Amino acid sequence: MPKRVDHEERRAQIAEALIKVAGRRGLHAVGMRDVAAEAGVSLRLVQYYFETKEKLLFYGLRHLTDRFTARVGARLAAAGPDPGPRTTVEALLSASLPTDEESRTFHLLYSSYAILSVTDGALAAQPFIDNPDAAENALTGLLEHAQEAGLADPDADAHTEAISLLAMAATMGTSILVGQRSPESAIAVLRHHLDRIFTTAETSEMRAEST
């Protein structure tokens, strides 16, 4: 009896090969033949699952996003059963910084895909992500929750702060990639801004006494 093929498993195998090749050579230099060789399958099989290079790249990006989500989840699980909004925000932002091989590849491919889609019509036709505001909305919600709980500056604009934090993490991620700063210094900058937004119980009491 012939072995039953798990199509999702095969797609994931090809996506992993794409990520490995792109991490070494850059997204712009990756061809379907390169991915097939890395995965140990035929070019025809890659074309069977992904009709075009653009569809392959988009699926690879989605696969990378799933891995990022799992990475954030692992950090939160390690923080305990109730990590709180500050720890959750820091886990989300720090996981996106290229501090090891996997996060480096994540940042590199995400940035490359966005830049290439500006000038490549076929790439631009693929939705970059289903909800481009997902991270922004999630971060805004966490900050608003912290404000309601008295854990963050009540006068801060949660949405603006969320945009600023995400933009800061993206920019510092690039600066790590090009060797401008170390991961440790980037994380220190992020924590500095989180310290500005989030308040301790002592700070909250001082604010209450001054009003």
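Predicted model only: the values in this text are computed from it and were never measured.

Here's the deal with the overall build of the protein chain
Scanning the protein chain for helices and strands turns up eleven helices and zero strands. Shown N-terminal to C-terminal, the secondary structure of the protein chain runs as helices and strands in the order α-α-α-α-α-α-α-α-α-α-α. Relative to its full complement of 211 residues, the protein chain shows a buried share of 36%. Long-range pairs, those at least 24 residues apart, make up 66% of the contacts in the protein chain with a sequence separation of at least 6. Counting every atom, the protein chain has about 11900 Å² of accessible surface; 54% of that belongs to carbon and sulfur.

Overview of the environment of arginine 104
Along the chain, arginine 104 turns up in helix H6 (residues 101-119). Using a relative accessible area of 31% as the deciding quantity, one classes arginine 104 as partly exposed. When the C-alpha positions of arginine 104 and threonine 174 are compared, they lie 9.5 Å apart, and in sequence the two are 70 residues distant.

Looking at the side chain of histidine 107
By the secondary structure assignment, histidine 107 is in helix H6. Since its relative accessible area comes to 7%, histidine 107 is described here as buried. Excluding its chain neighbours within four sequence positions, the residues that come into contact with histidine 107 are Ser96, Pro98, Ala170, Gly173, Thr174 and Leu177.

A word on the packing of aromatic side chains
Taken as a whole and judged by the stated rule, the model has four aromatic pairs. The interplanar angle of 80° and the centroid separation of 5.0 Å between the aromatic rings of tyrosine 48 and tyrosine 49 together place this pair among those described as edge-to-face. The exposed category is assigned to tyrosine 48, whose relative accessible area is 57%. Plain terms: the ring middles of phenylalanine 50 and tyrosine 59 are 5.1 Å apart, the flat faces sit at 55° to each other, and that makes the pair tilted. For phenylalanine 50, a relative accessible area of 4% translates into the label buried. In this structure an aromatic cluster arises from ring pairing among Phe68, Phe106 and Tyr110.

A few points about helix H10 (residues 183-197)
An α-helix turns once per 3.6 residues; consequently, residues spaced three or four apart project the same way. With 15 residues, H10 should cover 21 Å at 1.5 Å per step; its first-to-last C-alpha distance of 21 Å lies within 8% of that length. By the burial criterion, the buried members of H10 are Ala186, Leu190, Leu194 and Ile197. The buried residues of H10 all sit within an arc of 75° when viewed along its axis, so they share a single face. Exposed side of H10, more than 90 degrees from the buried face: Glu184 and His192 are the residues found there. Buried-residue contacts for H10 involve helix H5 (84-95), helix H8 (134-148) and helix H9 (158-177).

Considering the confidence of the model for the protein chain
With 89% of its residues at a pLDDT of 70 or more, the protein chain has an overall mean of 86. Low pLDDT, under 50, characterises residues 201-211; the predicted model gives this stretch five contacts beyond four residues in sequence or across chains.

Considering the nonpolar core
Counting residues in each nonpolar core, the largest one holds 51 residues, and the members touching the most others are Leu56, Val89, Leu93 and Phe198. Here the element with the most residues in this core is helix H4 (residues 53-78); it accounts for eight residues. Once residues within four sequence positions are removed from consideration, valine 89 is found in contact with Leu139, Leu142, Leu143, Leu165, Leu194 and Phe198.

Basis of the calculations
Residues numbered from 1 in each chain as written. Predicted model: local features only at pLDDT ≥ 70, side-chain atom pairs only at ≥ 80, totals over all residues. Heavy atoms only, no water. Helix = DSSP H or I, 4+ residues; strand = E, 2+ residues; numbered from the N terminus. Buried < 20%, exposed > 50% of the residue type's maximum accessible area, 1.4 Å probe, protein only. Contact = heavy atoms within 4.5 Å. Areas by Shrake-Rupley, 256 points an atom, 1.4 Å probe, with all protein chains shown as cover. Phe/Tyr/Trp six-rings, centres within 6.5 Å; stacked < 30°, edge-to-face > 60°. Expected span 1.5 Å × (residues − 1). Arc of directions from axis to C-beta. pLDDT = per-residue confidence, 0-100. Core = buried A, V, L, I, M, F, W, Y, C linked by side-chain atoms within 4.5 Å.

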